[in-house]
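# Survey of secondary and tertiary structure
In case you want the letters, here they are:
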Amino acid sequence: AIKELFYCEEFFKKGDERSKQRNFGLKKARCPFVLFVDADMELSSNMLKECIQIMNKNPKVVLIVTSHYPPNLGGVESHLQALVTSLTKKGWEVIISTYQPLAYSKKAPKVERSKSLIICRQNWLGFNIVHMLTPYPALEFLYLFPGLFIVTFKAMINHHKKISIIHCQGLVPTVVGILIAKLFSKRVISSTHNLYFFPAKSLYSWVTRLIFNSTTKVLVPTEIAKKELIGIGVQESKIGFFKYWID
């Protein structure tokens, strides 16, 4: 009877709160646009058409913030290269703010442009220091944050009118993205690429929880990574998954 009442083939009840039910429905949706309608809303006859026209006019532009990008070598770099290729094929314009290779001797242009891609690279001191600092999160942050903030701020100043979302790769880029997003009123999502192995009840885990809970969404590659973030208090509703290798 419920199916006939709501004119649908399937009917799901997911939790007692509307927010949980809406989030579940959004995950199930297979269309490019989703509109949530309340019982007290009155829609004009052209409202949906006008909304879709406006959405299609707005450019799909993402700013990717990352410490590592080709010609630097590594798994994250390979994933991002595949991600950028996939996004541009789907009509997105991609702007990347990053460093010149921090652990590879080959350099690249400071600004690199192609049809749907702009790469902004920041020169920085030291060679391969970043890998030595990995066991020391505070020192790694102090090393990576300043230059990445500078290059990201410049990219946003130049392109803020068309950027719709900031996608950050890892913890330090996420801090940069959150600050930039607040300055320019943008949404920010974060992707993690490794486990953090947080010490129990540490300042590190407390700060990380605060950072990831300040984003719109946190994307992780595995169920183990999701459980690790939930374990330090990151909201489960904010956590989603991504495929590390993209076809």
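Residues numbered from 1 in each chain as written. Predicted model: local features only at pLDDT ≥ 70, side-chain atom pairs only at ≥ 80, totals over all residues. Heavy atoms only, no water.

In terms of helices and strands, the chain carries 9 helices and 8 strands. For the chain, the spread of C-alpha atoms along the three principal axes comes to 65 × 45 × 35 Å. Per-residue burial for the chain yields a buried fraction of 38% across its 247 residues. Relative to all contacts within the chain whose residues are 6 or more apart in sequence, the contacts with residues 24 or more apart total 58%. Summing over all exposed atoms, the chain offers an accessible surface of approximately 15,600 Å²; the carbon and sulfur share of this is 59%. Each charge class in the chain was averaged separately, 33 positive and 17 negative side chains, and the resulting centres sit 8 Å apart. (Helix = DSSP H or I, 4+ residues; strand = E, 2+ residues; numbered from the N terminus. Buried < 20%, exposed > 50% of the residue type's maximum accessible area, 1.4 Å probe, protein only. Contact = heavy atoms within 4.5 Å. Areas by Shrake-Rupley, 256 points an atom, 1.4 Å probe, with all protein chains shown as cover. Lys, Arg positive; Asp, Glu negative; His and termini not counted. Charge placed at Lys NZ, Arg CZ, Asp CG, Glu CD.)

It is worth spelling out the side chain of Gln122 at this point. For Gln122, the location among the structural elements is in strand β4 (residues 117-122). Apart from residues no more than four positions distant in its own chain, Gln122 is found in contact with Thr98, Tyr99, Gln100, Gly147, Ile150, Val151 and Lys154.

This part is about the sheet that holds strand β1 (residues 61-66). Across the sheet, 8 strands lie side by side as β3-β4-β2-β1-β5-β6-β7-β8; this open sheet has mixed pairing. Both outer strands of the open sheet, β3 (111-113) and β8 (239-241), are each paired with one neighbouring strand and no more. With direction set aside, neighbouring strand axes in the sheet form an average angle of 20°. Here strand β2 (residues 93-99) runs beside β4; their pairing, made up of 6 bridges, is parallel. Within the sheet, the bridge partner assigned to Ser97 lies in β4 and is Cys120. The sheet contacts of helix α4 (residues 75-89) involve β1, β2, β4 and β5 (165-169), and relative to β1 the element is tilted by about 175°. Most of the contacts of helix α6 (residues 137-159) go to β2, to which it runs at about 150°, and overall it touches β1, β2, β4 and β5. (Pairing = 2+ DSSP bridges. Axes fitted to C-alpha atoms, helices over the stretch in contact; angles between N-to-C directions.)

Moving on, we come to helix α7 (residues 171-184). End to end, α7 covers 20 Å across 14 residues, agreeing with the expected 20 Å (1.5 Å per residue, within 8%). Counted residue by residue, α7 has 11 buried out of 14 residues, so it is predominantly covered. Buried within α7 are the following residues: Leu171, Val172, Pro173, Thr174, Val175, Val176, Gly177, Ile178, Ile180, Ala181 and Phe184. The inward-facing, buried residues of α7 contact β1, α6, β5, β6 (187-191) and α8 (203-213). Directly after α7, the chain includes Ser185, whose backbone phi takes a positive value near 55°. (Expected span 1.5 Å × (residues − 1).)

In short, geometric facts, not functional conclusions.
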